[in-house]
Amino acid sequence: QVVFALCVLARAVAVCRERQTMAGGCATFCAIMAAVAVPLMLFFGYLCSNNSPMIEIPPSNKHDAGKGCYMAAFFYALTFVFAYSSMSKSAKAREVDPKRTQLLHTS
């Protein structure tokens, strides 16, 4: 039973590490997508706000569409900040403190 418990514990630790790695990858993906989306939404908002013919929607809807694009850019910026901070936290968690490892090796 002890061997079985150790195997279950080892598997749980491995799954936890996989999830942390996947979470870091997800945060990276979200940060990249948001970094691309913010300027794109700002550009679309600018085009709509100036009644550009490059955006093919009725002129009466362009002002509201521009507002929607600006709001989307704002929320993508929030997403970028959250994802980037999540990436920074996971990177700090993976760092090894040299002082602590020295203490472990000398004990």
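Residues numbered from 1 in each chain as written. Predicted model: local features only at pLDDT ≥ 70, side-chain atom pairs only at ≥ 80, totals over all residues. Heavy atoms only, no water.

Visitor: How do you make sense of the environment of A37 when you look at a structure like this?
Guide: Among the secondary structure elements, A37 is positioned in helix α1 (residues 2-49). Taking the relative accessible area as the measure of exposure, A37 reaches 11% and is therefore buried. In this structure, the C-alpha to C-alpha distance between A37 and F80, residues 43 residues apart in sequence, is 9.6 Å. (Helix = DSSP H or I, 4+ residues; strand = E, 2+ residues; numbered from the N terminus. Buried < 20%, exposed > 50% of the residue type's maximum accessible area, 1.4 Å probe, protein only.)

Visitor: What am I meant to see in the packing of aromatic side chains here?
Guide: Given two aromatic rings, one states the distance between the centres and the angle between the planes to describe the pair. For the structure shown, the criterion picks out three aromatic pairs. Consider the rings of F74 and F75, whose centres lie 5.4 Å apart with planes at 70°: the pair is edge-to-face. For F74, a relative accessible area of 49% corresponds to the partly exposed category. Plain terms: the ring middles of F80 and Y84 are 5.9 Å apart, the flat faces sit at 20° to each other, and that makes the pair stacked. Here F80 pairs with Y84, and both are found in helix α2 (residues 59-94), just four residues apart, close to one helical turn. (Phe/Tyr/Trp six-rings, centres within 6.5 Å; stacked < 30°, edge-to-face > 60°.)

Visitor: In this structure, what is going on with the side chain of S52? I would like to understand it.
Guide: Following the sequence through the fold, S52 ends up in the loop between α1 and α2. What makes S52 buried here is its relative accessible area of 12%. Apart from the residues within four sequence positions on either side, S52 is in contact with L47 and K62. (Contact = heavy atoms within 4.5 Å.)

Visitor: Looking at this model, I keep getting lost on the side chain of K62. Mind explaining?
Guide: With respect to the helices and strands, the residue K62 is situated in helix α2. Here K62 occupies a buried position and makes no salt bridge, while the nearest side chain of opposite charge, E56, is found at 8.9 Å. Among the polar contacts made by the side chain of K62, one reaches the main-chain carbonyl oxygen of S52 at a distance of 2.4 Å. At 3.0 Å, the side chain of K62 and the backbone oxygen of I55 are in polar contact. Those residues in contact with K62 that lie beyond four places of it in its chain are C48, N51, S52, P53, I55 and I57. (Lys, Arg positive; Asp, Glu negative; His and termini not counted. Salt bridge = Lys/Arg side-chain N within 4 Å of Asp/Glu carboxyl O. Polar contact = N/O pair within 3.5 Å; in protein donor to acceptor, adjacent residues only side chain to side chain.)

Visitor: Explain a nonpolar patch on the surface to me, please; I cannot follow it from the model alone.
Guide: A contiguous nonpolar surface patch, about 530 Å² in accessible area, is contributed by L42, F43, Y46, M54 and Y70. No other element matches the three residues that α1 contributes to the nonpolar patch. Mapped onto the fold, F43 is located in helix α1. (Patch = residues over 30% accessible without salt bridge, like charges linked within 9 Å, V, L, I, M, F, W, Y side chains within 5 Å. Areas by Shrake-Rupley, 256 points an atom, 1.4 Å probe, with all protein chains shown as cover.)

Visitor: Any chance you could explain the environment of C69 here in plain terms?
Guide: As for its placement among the helices and strands, C69 is situated in helix α2. As for C69 and L42, which are separated by 27 residues in sequence, their C-alpha atoms are 6.5 Å apart. The contacts of C69, once residues within four sequence positions are left out, are M41, F44 and G45.

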